[in-house]
Amino acid sequence: MELPSYLKQLILLGRMKKRWWLFRPVDLFISLCSPKKQKKGLLIVRMDGLGDMVLFRRALERYPEIFNLKKEEITILGCDSWKSVATDIFEGYNVKTIDEKSFEKNPFYRFMISFWVKRQGFKIAVCDTFFRKTLTADSLILASGADQKIVSRPYISKKNKAEFSYYLPKYEKVIFTGKHPLHEIVRHYNFLSKLSSKKIHPDQPVISWREKKPPIPKGRSFVVINFGSNEPGRNWPLENFLDIAKKIIDLGYRVIFVGSKNERKDKSVINGVFGKADFVDLIDKTSLPQLFDTIKHAKALVTNETGPGHMSIALGIPTLMIYGGGHDTTFVPYPRKLKPRNALFINHYMSCYQCLWSCPYRQSKLDPFPCIEKVDQQKVWKSLKNFLPKAN
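Reading the values: rules and limits
Residues numbered from 1 in each chain as written. Predicted model: local features only at pLDDT ≥ 70, side-chain atom pairs only at ≥ 80, totals over all residues. Heavy atoms only, no water. Helix = DSSP H or I, 4+ residues; strand = E, 2+ residues; numbered from the N terminus. Buried < 20%, exposed > 50% of the residue type's maximum accessible area, 1.4 Å probe, protein only. Contact = heavy atoms within 4.5 Å. Areas by Shrake-Rupley, 256 points an atom, 1.4 Å probe, with all protein chains shown as cover. Pairing = 2+ DSSP bridges. Right-handed = clockwise from strand over helix to strand, strands pointing away. Axes fitted to C-alpha atoms, helices over the stretch in contact; angles between N-to-C directions. 1 Å grid on protein atoms, 1.4 Å probe; cavity = no way out; pocket = protein on both sides within 12 Å on 5 of 7 lines; lining within 4 Å. Points joined across faces, edges and corners; volume = space filled by probe spheres on them. Nonpolar A, V, L, I, M, F, W, Y, C, P; charged D, E, K, R; others polar.

For the rest of this paragraph, the subject is the overall build of the chain. For the chain, the count of helices and strands is 16 helices and 12 strands. Taking the principal axes of the C-alpha coordinates as reference, the chain spans close to 70 × 50 × 40 Å. Per-residue burial over the chain gives 54% buried out of 392 residues. Residue pairs in contact within the chain that sit at least 24 positions apart in sequence constitute 70% of those at least 6 positions apart. Accessible surface computed for the chain: about 19200 Å², of which carbon and sulfur atoms make up 52%.

Time to look at the pairing of strand E8 (residues 254-259). Most of E8 sits out of view: 6 of its 6 residues are buried. Along E8, one buried face is formed by Arg254, Ile256 and Val258 and the opposite face, lined by Val255, Phe257 and Gly259, is buried too. Note: strand E7 (residues 222-226) against E8, 5 bridges, orientation parallel. The residue bridging Ile225 from the neighbouring strand is Phe257, located in E8. Taken together, E7, helix H11 (residues 238-250) and E8 constitute a β-α-β crossover, and its handedness is right-handed.

Now for the sheet that holds strand E12 (residues 343-346). Strand order in the open sheet formed by 6 strands is E9-E8-E7-E10-E11-E12, and the pairing between neighbours is parallel. Bordering the open sheet on either side are strand E9 (279-283) and E12, each of which pairs with just one other strand. For this sheet, the mean inter-axis angle between neighbouring strands, taken without regard to orientation, is 15 degrees. In this sheet, strand E11 (residues 319-322) lies alongside strand E10 (residues 300-304) in parallel orientation, the contact comprising 4 bridges. Bridging across to E11, Val302 finds its partner in Leu320. Strand contacts of helix H14 (residues 307-314): E7, E10, E11 and E12, with the helix running at about 150 degrees to E11, the strand carrying the most contacts.

Our focus in this paragraph is the side chain of Asp48. By the secondary structure assignment, Asp48 is in the loop between strand E1 (42-45) and helix H3 (50-60). Its relative accessible area of 3% is what places Asp48 among the buried residues. Discounting chain neighbours no more than four positions away, the residues touching Asp48 are Met53, Cys79, Ser81, Trp82 and Thr129.

Moving on: the layout of surface pockets. If you add up the space inside the second largest pocket, you get close to 350 Å³. Taken together, 17 residues make up the lining of the second largest pocket; nearest its centre are Pro232, Asn235, Lys265, Asp266 and Leu366. Among the residues forming the lining of the second largest pocket, the class breakdown is 7 nonpolar, 5 polar and 5 charged.

Let us look at the environment of Ala143. Following the sequence through the fold, Ala143 ends up in helix H8 (residues 134-144). Through-space distance from the C-alpha of Ala143 to that of Val117 is 6.6 Å; in sequence the pair is 26 residues apart. If sequence neighbours within four positions are ignored, Ala143 has contacts with Ile30, Ser114, Val117 and Lys118.

Here it is as structure tokens:
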């Protein structure tokens, strides 16, 4: 016997997160607010990391034609993590960035951002992110109060099924972009194809960046080593990076180590291995724009799977990226037709691939995932050496 609809709704609401209930008064109040002016323009919600933003960037150029709008009529709502590069990367578009974590946790901050979104009076609001959170991306789409709210069908699991069962029926259009796993670039263009009712073929990632000298002393050509990431488990062991760096120096290059505050703990080890003539320490010393300046002038980048790695590929720099199986084929490697010649992806395949980083095999959260730890150093070096002629 099928349950009445009101009972289904009650069961659904009972499965929502406590924080969802905490934010109900805020979200309900915003839904009752009026936009400041006549509705117009397009809002694109991108609650992404740096790498996701890079993979989306070229698809953005199709939006003005599809929606019959000028660039200045389109607003990108993104994350503070890439705020410092947004003006250059999204030249011609309006850009607003927020602290997504505060939006998820702080009721007052959530109110201020949601109120700003509602008062802009967007006519259309769009989000094509596959792996997304309802408390950020979907909440912002609803907060817009747009006449047309268009989203992609997201990745749905047991954990988020109740939330998406609440949000998805509230949109005017939900677009299926393909079965999981599927590369994000392909998803972006599948979304565009459904919007335009014609096939739009994906483009390789390409981004223009300013011409500015990097913050390093003059000297020999250099290779950048980006040995960290936002998750310790996705870091190839430091000693492997150090061995690769020694081989790079033997070819006549300098090595530039870059990283965030998370990598500061390794500075003393790295500084104890290399001489000043061969090595520059930029760990936690650069802004994001300065990091891009450095990468743009490098002969190559060796990196874990990170946003700077994707940016390096989009800049046309020879890039060797070491990756694991948690999101295999979703972000890396790129599909064959979309992989630029300057990109190399090195991995160690295991039968547990597609685990979404829910790994049962590592001992602690600080240990690397086995699929990354086991990436063969000789394989990495052999592949990298093909990128690097002997330096002058």
